[in-house]
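So the chains spell out like this:
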Amino acid sequence: MDRSTADDIVAEAEAELESVDWLSASAAIASISAVGIALGLGLPLLSVILERRGISASLIGANSAVAGLASLAAAPLVTPIAQRIGVRVSMLAAIVVAGLSAIGFYVFTPFWTWFPLRLTFHFSITALFVLSEFWINAAAPPGKRGLVLGIYATVLSLGFALGPWIFSKVGSQGFAPFGIGAGVIFLSAIPLFFAWSREPAISKDRRKGSFWRYVYAVPTATGAVLIFGAVESGGFTLFPVFGERVGFSEAAAAQLLTAVGIGNVLMQIPIGILSDRVKDRRTLLAICAGVGLLGTLCLPVLVEDWWLMAGVLFLWGGVVAGLYTVGLAHLGSRLPPSELADANAAFIFCYSAGMLVGPQAIGTAMDLFGPHGFAWSLAFFFAVYLALAVGRLVAAR
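Keep in mind that what you see is a predicted model, and the values were worked out from it rather than measured. (Residues numbered from 1 in each chain as written. Predicted model: local features only at pLDDT ≥ 70, side-chain atom pairs only at ≥ 80, totals over all residues. Heavy atoms only, no water.)

> Hey, could you run me through the environment of Val246 in this one?
With respect to the helices and strands, Val246 occurs in the loop between α10 (219–245) and α11 (250–277). Along the backbone, Val246 and Val303 are 57 residues apart, and their C-alpha atoms lie at a distance of 6.9 Å. Excluding its chain neighbours within four sequence positions, the residues that come into contact with Val246 are Val303 and Pro371. (Helix = DSSP H or I, 4+ residues; strand = E, 2+ residues; numbered from the N terminus. Contact = heavy atoms within 4.5 Å.)

And the structure:
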């Protein structure tokens, strides 16, 4: 390769990196990742408290599934609201409501009150995810979308990993875990002020009711996030229950979730970069689903060895999280910028549908088949998506 050609390649790469609006992307990433810490802390915390109060796994799953209902309701509404009052104001309002709801879980102890609290909490969280991902996608050029989303997924995964670690240290007693969760949510408002003048605008050409067509426009992307939503929400919610039923302590089960989160942290940037270079991102999505299927089938034979399970979950968690990272990059690559706001909302809608289905299905499987119903139900989700991804690849060829 001659000197001029090498210089041209370097110049092109530098131009692509400079075309990323790093201030906007960094602010949105930092804000939503702080929320990730609260979610990583809150999901196992609430399940352990309900388990200690004698609530069945099915009812715990039902309460968690309200999060999915809230997100399903929020996803079509977020973009019209943000179009009217602005992205940044919408995000700040959602932060306030989510933080107050987190404190409400401590204040109100009757089981029925946790249903409306889940509703307000996850409605707000959904708004934050839709708008932050739209902000990040808008700040990333096509050639670097996988890289930027990999950075986003890495920092978000770090938050999810830190949440269970905090839980393992502070436990489930008293106000401390709730206060920490709410405090982190309120702190997530700070990064927004650094990019206050850089918020992306919702396209004026947005058609009323256009949200729904994006649910089916890129099925390999929306299918990936639906399955990931089921696995992540159901897995994080009920893994502490699974861990205790197979003999792990509360802290040991929480630390296994941390291993999953660390895998996510270390692997999302490489996966994102790889997704920028593969010919068809659907191939990478199929591989992620295959690894997820294999890993969950191995869980029943790993329960005798905590360290071996931690190692497998480390690799498993990192690859499975690629369903979200690569799915979002695949969605962004198939649609023009003017359609990204509604497309991201549809993406989160499908994630929320998974959140609705996952906890209930996994909790019911554990009630019917014992603790190993946890792994079998997860394997079923991965098998369904693997069939979809392979089917789309075959049809394309």
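> Would you mind going over the nonpolar core with me for this structure?
Core analysis: the largest hydrophobic core is formed by 130 residues, its most contacted members being Phe129, Tyr152, Met309, Leu323, Tyr324 and Phe374. No other element matches the 17 residues that helix α2 (residues 22–52) contributes to this core. (Core = buried A, V, L, I, M, F, W, Y, C linked by side-chain atoms within 4.5 Å. Buried < 20%, exposed > 50% of the residue type's maximum accessible area, 1.4 Å probe, protein only.)

> Looking at this model, I keep getting lost on the side chain of Ser31. Mind explaining?
Note on placement: Ser31 falls in helix α2. A relative accessible area of 1% means that Ser31 is categorised as buried. Polar contacts involving the side chain of Ser31 include one to the main-chain carbonyl oxygen of Ser188, which spans 2.8 Å. (Polar contact = N/O pair within 3.5 Å; in protein donor to acceptor, adjacent residues only side chain to side chain.)

> What's the story with the packing of aromatic side chains in this structure? I'm lost.
Pairs of aromatic rings are described using the distance from one ring centre to the other and the angle between the two planes. For the structure on display, the rule yields 16 aromatic pairs. Taking the centre distance of 5.7 Å and the plane angle of 50° together, the rings of Tyr106 and Phe178 count as tilted. Of the two residues, Tyr106 is situated in helix α4 (residues 87–107) and Phe178 in helix α7 (residues 176–187); the sequence distance between them amounts to 72 residues. Judged by its relative accessible area of 38%, Tyr106 is partly exposed. Summarising the aromatic geometry, the rings of Trp316 and Phe382 are spaced 6.0 Å apart at their centres and angled 90° between planes, so their arrangement reads as edge-to-face. (Phe/Tyr/Trp six-rings, centres within 6.5 Å; stacked < 30°, edge-to-face > 60°.)

> Is there a simple way to think about a nonpolar patch on the surface in this case?
Taken together, the side chains of Leu23, Leu187, Ile190 and Phe194 define a hydrophobic patch exposed on the protein surface, amounting to about 420 Å² of accessible area. Take Leu187: it is sitting in helix α7. On the basis of relative accessibility, which here comes to 54%, the residue Leu187 falls in the exposed class. (Patch = residues over 30% accessible without salt bridge, like charges linked within 9 Å, V, L, I, M, F, W, Y side chains within 5 Å. Areas by Shrake-Rupley, 256 points an atom, 1.4 Å probe, with all protein chains shown as cover. Salt bridge = Lys/Arg side-chain N within 4 Å of Asp/Glu carboxyl O.)

> Even after reading the chapter, I still don't get the pattern of salt bridges, so can you show me in this structure?
When the charged atoms of two side chains lie near each other, side chains of opposite charge can form a pair. Counted according to the given criterion, the structure contains 2 salt bridges. Where Asp276 meets Arg281, a salt bridge forms, and the shortest distance between an N and an O atom there is 3.1 Å. Given a relative accessible area of 26%, Asp276 falls into the partly exposed group. The exposure class of Arg281 is buried, given its relative accessible area of 12%. Arg282 is the partner of Asp280 in a salt bridge, and the nearest nitrogen-oxygen pair spans 2.9 Å. In terms of burial, Asp280 and Arg282 fall into one category: buried.

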